[in-house]
Every structure is written in structure tokens, then in C-alpha cells.
Amino acid sequence: TLIFTEFTSFTLYATDTKYYSKEDFQDVPPLIIYLAKNEIYARHGYIFKDENLNNYFKGQLWYIPLISAEEFDGSIFNEYERENLKLLAEIDNYRK
């Protein structure tokens, strides 16, 4: 269970403007990798069905939930986001 009580106005990583490598996440806890992966979706207003993710991102001042999972179109991602999403999905082992 994710428990965050602080509201923040910043994102974890600049996954929309920078390419990352596996080495960048070498010592990063699995929970942060999991959140960074989902943050890419959150930046575009994705509404999470997972209650923990939904609550976490609602605590971010920059998050504006706009698009349901059913209506979300991944073509909105830029090239940085697409590549970083592939990487983060590959190394995300938070829920495995």
C-alpha cells in the first residue's frame, strides 16, 4: 500500500524531456521506478483505476485527471516518454 500525505508540485523524473538508461535507475527503489513509470501517464491526465496510484497522483499539485483508461490514447506520448516508458516497464519489478 502506498501512503503519501504530502502534496508536491514536482515530478520524480524528467521523462518527457530526457532519455534515461538502466544505469540511471540502478540504485532506485522499486516503488520509485513504479511511480516514475506511471507518472508518464499521469502527466497526460490518465485516470488510474488502481486506488493507490490514483490517491498518490491526486496528491501531486500538477496532476489533473482528465482521461479514463478506456479513452486514453498512448499516441499522445512524445519520443522521450515512449522510450522511457519501455525502459521503466522493463525494469519495474514493484508488483512482480
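It should be emphasised that the depicted structure is a prediction, and the values quoted were computed from it without experimental measurement. (Residues numbered from 1 in each chain as written. Predicted model: local features only at pLDDT ≥ 70, side-chain atom pairs only at ≥ 80, totals over all residues. Heavy atoms only, no water.)

Enquirer: Please explain the side chain of Asn84 as it appears in this structure.
Expert: Positionally, Asn84 belongs in helix H3 (residues 79-91). Only 3.0 Å separates the side chain of Asn84 from the backbone oxygen of Thr15, close enough to count as a polar contact. Those residues in contact with Asn84 that sit more than four places away from it in its chain are Thr15, Lys18, Tyr19, Tyr20 and Ile40. (Helix = DSSP H or I, 4+ residues; strand = E, 2+ residues; numbered from the N terminus. Polar contact = N/O pair within 3.5 Å; in protein donor to acceptor, adjacent residues only side chain to side chain. Contact = heavy atoms within 4.5 Å.)

Enquirer: What should I look at first to understand the packing of helix H1 (residues 30-42) against H3 in this one?
Expert: At a closest axis distance of 9 Å, the pairing of H1 and H3 adopts a crossing angle of 150°. Looking at the two axes, H1 sits roughly antiparallel to H3. Along this stretch, H1 crosses H3, giving a crossing that reads as left-handed. For the pair formed by H1 and H3, the contact residues are Ile33, Ala36, Lys37, Ile40 and Tyr41 on the first element and Glu81, Asn84, Leu85, Leu88, Ala89 and Ile91 on the second. Across the contact of H1 with H3, the residue classes break down as 8 nonpolar, 1 polar and 2 charged. (Axes fitted to C-alpha atoms, helices over the stretch in contact; angles between N-to-C directions. Parallel < 35°, antiparallel > 145°, perpendicular 65-115°, else oblique. Left-handed = near helix turned anticlockwise from the far one by under 90°. Nonpolar A, V, L, I, M, F, W, Y, C, P; charged D, E, K, R; others polar.)

Enquirer: I would appreciate a short explanation of the packing of H1 against helix H2 (residues 51-58) in the present structure.
Expert: Geometrically, a packed helix pair is captured by the angle between its two axes and the distance between the axes. The N-to-C vectors of H1 and H2 enclose an angle of 70°; their axes lie 11 Å apart at closest approach. Overall, the two elements H1 and H2 adopt an arrangement that is roughly perpendicular. Here H1 and H2 pass one another in a crossing that is right-handed. Between H1, through Tyr34, Leu35, Asn38, Glu39 and Ala42, and H2, the contact on the second element is made entirely by Leu53, Tyr56 and Phe57.

Enquirer: Help me understand the nonpolar core, please; the structure alone is not making it clear to me.
Expert: Formed by 22 residues in total, the largest nonpolar core has its most connected members in Phe25, Phe48, Phe57 and Leu88. Contributing elements (two or more residues each) for this core: H1, H2 and H3. In terms of residue count, H1 provides more of this core than any other element does, 6 residues in total. With near-sequence residues (within four places) excluded, Phe25 lies in contact with Tyr13, Tyr20, Ile33, Leu87, Leu88 and Ile91. (Core = buried A, V, L, I, M, F, W, Y, C linked by side-chain atoms within 4.5 Å. Buried < 20%, exposed > 50% of the residue type's maximum accessible area, 1.4 Å probe, protein only.)

Spatial relationships are all this shows, so hold off on functional conclusions.
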